[in-house]
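# Report on the structure
Chain by chain, the residues:
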Amino acid sequence: MTLEVRPSNDEALGLYGSAGFELEGVRPGYYPETHEDALVLWSRPLAPQVRAMEAAKTGGDLVLAIETSCDETAAAVMLGGEQQLSSIVASQVDFHARFGGVVPEIASRKHTEAIVAVVTAAISEAGVSLKDLHAVAVTHGPGLVGALVVGVAYAKGLALATGLPLLGVNHLEGHVHAARLTDPKLEPPLVALLVSGGHTTLVHVPEWGRYEALGRTLDDAAGEAFDKVAKVLGLGYPGGPAISLLAETGDPAAIPFPRAMLRSGDFDFSLSGLKTAVLQYVDRERAAGCEVSLPDVAASFQQAVVDVQVAKTVRAAKEYGVRAVVLAGGVAANPALRSALASALGGEGIRLSVPPTELCTDNASMIAAAAHHHLREGRFLGLGADAVPNLRLG
Ligand code: KG4
Ligand code: ZN
């Protein structure tokens, strides 16, 4: 499209400039009354990055997101950062179950096998085609390097082949955004407790897109502790659901397991000592010929985890003066943790937002939701980018 405009018409020049028109040339004496010259403007097709950012500003951006940081191969298509058009998750949990935990080598191979089908299904279920998309987003860390690299390489290949811009999302940022998808009223400032098989992290979110990691586990993640204790008790993998079920019939005050770092004054966690204490307790009782009450062990272990998580989260919320807390990650499915945190925060007048289980566990919708904010701010990932297994938040 071309048009002429008087050089003296600053307002029109500003308007056309903001719509992407550029100066092509000059027509001398074009306007008959004044013999004024005309500037000839030309609108060029917008660069894919600009097209995507413009779409994000009005909530019309279609983003394909890919997540492969641990043992779920996931892809989702989302409109405007909040309307999920499709979300496909292929879990590998059955392949890892017999080993009692995620085996990185297996995770990597299974992602390679699943990714084409998962992405294809996400696109077709959304009823869109590749040319409708505005950007490709991918989790580029933190996580298992051999797992992350599959998603990152695939997303880069897709971006290169289609010309679509690439967005890199931090996995933990995705977990925070999961809450927004089913709780649209949720607004920062907030504190998020992210607890899964791979992470136990407290994050302060002063505004969407800004993150400050307050503390993290110094050894095992909360879910990892559940899984390891479950293995010792012979409950199978993943251990969290089995322990929380067993704990329902046990006495949480039966065994005084340690509350590590409860009064450490920081926001870090340590869970490996608790796991060891449970193992030693079970060994000692069995060696002494005593019958071990598995429900009591499960309930007492769970209570020790919950007490520290709740105390630190409430303290962080109060110290940072937030009115909302997000609980996310696979361990957020734990009923004891949910209810203890809800009642402790309720007493302080702070609201708790917990995404439904399918959004708490790893998925690509949460990555697409976070990617929308990257797009609005024009934060793209170059094609030279790589997976960053220990990517920090903020
Ligand atoms: O987020 P997620 O699906 O995967 C990653 O680790 O990234 O979290 C899985 C973890 C496992 O360790 C599992 O044992 C734990 O979440 N989990 C639970 C419960 N349900 C799942 N932990 C405690 N109580 C539960 N009800
Ligand atoms: Zn996760």
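Worth saying up front: this structure is predicted, and the values here are computed from it rather than measured. (Residues numbered from 1 in each chain as written. Chains lettered and ligands numbered in written order. Predicted model: local features only at pLDDT ≥ 70, side-chain atom pairs only at ≥ 80, totals over all residues. Heavy atoms only, no water.)

## Brief notes about the overall build of the protein
For clarity, the cut-off: Here a strand is any run of E in DSSP of at least two residues, a helix any run of H or I of at least four, and the numbering for each starts at the N terminus. Three exposure classes are used, based on accessible area relative to the maximum for each residue type with a 1.4 Å probe and protein chains only: buried under 20%, partly exposed in between, and exposed over 50%. By definition in these notes, contact holds between two residues if any of their heavy atoms fall within 4.5 Å. Only the protein chains shown count as covering a residue, and every accessible area follows the Shrake-Rupley method with a 1.4 Å probe. The sign given to each residue is positive for Lys and Arg and negative for Asp and Glu; His and the chain ends receive no count. Here the site of a charge means atom NZ of a Lys, CZ of an Arg, CG of an Asp or CD of a Glu.
Within the protein, the secondary structure is distributed over 13 helices and 13 strands. In terms of overall dimensions, the protein has a C-alpha envelope of 105 × 45 × 30 Å along the principal axes. In the protein, buried positions account for 49% of the 394 residues. Once local pairs closer than 6 in sequence are excluded, the contacts in the protein between residues at least 24 apart make up 70%. By element, 55% of the accessible surface of the protein is carried by carbon and sulfur atoms, the whole surface being about 17100 Å². Taking the 30 positively charged and 43 negatively charged side chains of the protein as two groups, their mean positions are separated by 3 Å.

## Examining the domain arrangement of the protein
Quick reminder of the rule: Domain start and stop positions are those given by an automatic or database domain assignment.
Domains assigned within the protein are domain 1 (2-45), domain 2 (49-179 + 362-376) and domain 3 (186-354). The straight-line distance from the C-alpha centre of domain 1 to that of domain 3 is 64 Å.

## What to know about helix H8 (residues 239-247)
Think of an α-helix as turning once every 3.6 residues; residues three or four places apart then point the same way. Rules: Note that the arc is defined by the directions from the helix axis to the C-beta atoms.
Looking only at H8, the buried set comprises Gly-239, Ile-243, Ser-244 and Ala-247. All buried residues of H8 fall inside an arc of 125° around its axis, so they share one side. Of the exposed residues in H8, those oriented more than 90 degrees away from the buried face are Pro-241 and Leu-245. Against the buried residues of H8 lie helix H7 (222-232), helix H10 (294-319) and helix H11 (335-346).

## Let's talk about the nonpolar core
Our working definition: Each nonpolar core is a collection of buried residues, namely Ala, Val, Leu, Ile, Met, Phe, Trp, Tyr and Cys, held together in the definition by side-chain atoms within 4.5 Å.
Counting residues in each nonpolar core, the largest one holds 46 residues, and the members touching the most others are Leu-202, Phe-257, Leu-274, Val-278, Val-297 and Phe-301. Secondary structure elements with two or more residues in this core: strand E9 (190-195), H7, H8, helix H9 (272-287), H10, strand E12 (324-328) and H11. The element best represented in this core is H10, accounting for 12 residues. Excluding its chain neighbours within four sequence positions, the residues that come into contact with Leu-202 are Val-191, Ala-192, Leu-193, Glu-212, Ala-213, Leu-214, Gly-215, Phe-267, Phe-269, Lys-312, Thr-313 and Ala-316. The next biggest cluster of nonpolar side chains, apart from the first, holds 28 residues, and it includes Leu-62, Ile-115, Val-118 and Ala-155.

## Regarding the site of ligand 1
We count it as follows: Only heavy atoms are used to decide nearness, and a residue is near a molecule or strand if one of them lies within 4 Å of it. Each polar contact in these results corresponds to two N or O atoms within 3.5 Å; when the atoms are within protein, one needs to be able to donate a hydrogen and the other to accept it, and residues that are neighboring in sequence are counted only if both atoms are side-chain atoms.
Around ligand 1, 17 residues are found, and the nearest of them are Gly-197, Asp-227, Gly-240, Asn-334 and Asp-362. Take Ser-244: an N or O atom from its side chain is 3.1 Å from a nitrogen atom of ligand 1. Gly-330 places a polar main-chain atom, nitrogen or oxygen, 3.0 Å from an oxygen atom of ligand 1. Across the complex, the protein chains shield 89% of the 550 Å² of accessible surface that ligand 1 would expose by itself.

## As for the pairing of strand E6 (residues 83-91)
Let me state the cut-off plainly: Strands were regarded as paired on the criterion that DSSP finds at least two bridges between them.
Sheet analysis places strand E5 (residues 72-79) next to E6, joined by eight bridges and oriented antiparallel. Pairing of Glu-72 across the sheet is with Ser-91, part of E6. Between E5 and E6, which pair antiparallel one after the other, the connecting turn spans three residues, and Gly-80 there sits at a positive phi close to 60°.

## Some words on the coordination of the zinc ion (ligand 2)
Stated formally: Ligating atoms shown are N, O and S within 2.8 Å of the metal, or 3.2 Å for Na, K and Ca, and water is not included, meaning a site may look less than complete.
Around the zinc ion (ligand 2), the donor atoms from the protein are His-171 (NE2), His-175 (NE2) and Asp-362 (OD), and they sit 2.1 Å away. Here the donor residues of the zinc ion (ligand 2) share one chain and are spaced in sequence as H-x3-H-x186-D. One end of the pair, His-171, is in helix H6 (residues 171-182); the other, Asp-362, is in the loop between helix H12 (357-360) and helix H13 (365-376), with 191 residues separating them in the sequence. Each member of the pair His-171 and Asp-362 is classed as buried.

## Some thoughts on the packing of H9 against H10
Stated precisely, the cut-off is as follows: Helix axes use the C-alpha atoms of the stretch in contact, all axes being lines fitted to C-alpha atoms, and the angles between their N-to-C directions lie in the range 0 to 180 degrees. Should an angle fall under 35 degrees it is called roughly parallel, over 145 degrees roughly antiparallel, and 65 to 115 degrees roughly perpendicular, with every other angle called oblique. The handedness criterion is simple: a crossing whose near helix is rotated anticlockwise from the far helix by less than a right angle is left-handed, and one whose near helix is rotated clockwise is right-handed. Amino acids are sorted into nonpolar (Ala, Val, Leu, Ile, Met, Phe, Trp, Tyr, Cys and Pro), charged (Asp, Glu, Lys and Arg) and polar (every other residue, Gly among them).
Where H9 meets H10, the axes come as close as 11 Å, and the angle between the chain directions of the two elements is 160°. By the angle class used here, H9 and H10 are roughly antiparallel. In this structure, H9 crosses over H10, and the sense of that crossing is right-handed. Facing Leu-274, Val-278, Tyr-281, Val-282 and Arg-286 of H9, the residues of H10 in contact are Leu-294, Val-297, Phe-301, Ala-304 and Val-305. Partitioned by chemical class, the residues of the contact of H9 with H10 number nine nonpolar, no polar and one charged.

## A closer look at the packing of helix H4 (residues 104-126) against helix H5 (residues 145-162)
As a packed pair, H4 and H5 sit with axes 9 Å apart at the nearest point and diverge in direction by 30°. With respect to each other, H4 and H5 are oriented roughly parallel. In terms of crossing hand, the pair formed by H4 and H5 is right-handed. In this structure, H4 contributes Ser-108, His-111, Thr-112, Ile-115, Val-116 and Val-119 to the contact, and H5 contributes Gly-146, Ala-147, Val-150, Gly-151 and Tyr-154. Here the contact of H4 with H5 is composed, by residue class, of six nonpolar, five polar and no charged.

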